[in-house]
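# Survey of secondary and tertiary structure
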Amino acid sequence: MLKKRVLFLIILCLLLTGCTVDYNIIVTSDKKIIEDVTVSKLISKIKEEGYNAEEIKNAQETSYKEFLRKNNIDYEFVITSDELQGIFSRKSSNFESIENLPYFQQLYNSISIEKDKKTYSFKTDGIYNGKQMFDITDFTEVPMLSELRVNIQFHNVVIDSNADKYDSATNTYTWIFNRETENKTIEFNLSNKKRYDIISKYIFDTYKYRIIITIILLVIITLLVTIYFTKLKKNNTF
């Protein structure tokens, strides 16, 4: 398990140092986990280190294709105007699986989850191990990660948390980690009360193209049926 975890973290850093990671987690209203990780590094930094973004992208796609497939990880490597990005995602069947997510395992010794009929309580326990991800490596003067942002969007009401930032528009709580971070924990208490505004927005954002196409098709079908019956009515009047 440790070997897989370390390999996954290496992949997320694109075999480069100094990358920034947005670790996005969605906790759905039925307590399922959707994991989405975006790793990015400026192309200007890649060039400074003597790498080529296109070559790295192709190497990553080739080298880890089988590993990612076996671990049910959907992935995409993208070169934007200024960044090389690795985008990884997968779904887990239940809330308890959150303690097995790679970065939680890397950051903390253990995780405590308590639940009753009305609430879920989550707290990272034990020793904070995150500093090793921001340490200077043996072969470079740049840390493996420059910053890690753990962003958790909840489809339920959050009673309280110790997050560093909160986005009320998306009900997303963010914990920020870097070389200066000392003994930080991730804690939140989650209610069973659903946030229907967040759920509906998530559904639309996820399936908006399907929704738009369906609406267009329904409009076309309605017009065709209307035209057909209008013509049929006219023919019957003569």
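For clarity, every value in this text was computed on a predicted model and none was experimentally measured.

### A few points about the overall build of the protein chain
- A count of helical and extended segments in the protein chain gives six helices and eleven strands.
- Counting every position in the protein chain, which comprises 238 residues, the buried fraction comes to 39%.
- Long-range pairs, those at least 24 residues apart, make up 62% of the contacts in the protein chain with a sequence separation of at least 6.
- Summing over all exposed atoms, the protein chain offers an accessible surface of approximately 14200 Å²; the carbon and sulfur share of this is 55%.

### Quick look at the side chain of E35
- Here E35 lies in strand 2 (residues 33-42).
- Side chain to side chain, E35 and Y23 meet in a polar contact 2.6 Å long.

### Overview of the pattern of salt bridges
- Under the defined criterion, the tally for this structure stands at four salt bridges.
- A salt bridge links D22 to R149; its shortest N-O distance comes to 2.8 Å. Taken together, the positions of D22 in strand 1 (residues 19-27) and R149 in strand 7 (residues 145-154) put the pair 127 residues apart, joining distant regions of the chain.
- Two residues, R149 and E147, come together in a salt bridge whose shortest N-O distance is 2.6 Å.
- The network of salt bridges with shared partners includes D22, E147 and R149.

Criteria and thresholds
- Residues numbered from 1 in each chain as written.
- Predicted model: local features only at pLDDT ≥ 70, side-chain atom pairs only at ≥ 80, totals over all residues.
- Heavy atoms only, no water.
- Helix = DSSP H or I, 4+ residues; strand = E, 2+ residues; numbered from the N terminus.
- Buried < 20%, exposed > 50% of the residue type's maximum accessible area, 1.4 Å probe, protein only.
- Contact = heavy atoms within 4.5 Å.
- Areas by Shrake-Rupley, 256 points an atom, 1.4 Å probe, with all protein chains shown as cover.
- Polar contact = N/O pair within 3.5 Å; in protein donor to acceptor, adjacent residues only side chain to side chain.
- Salt bridge = Lys/Arg side-chain N within 4 Å of Asp/Glu carboxyl O.

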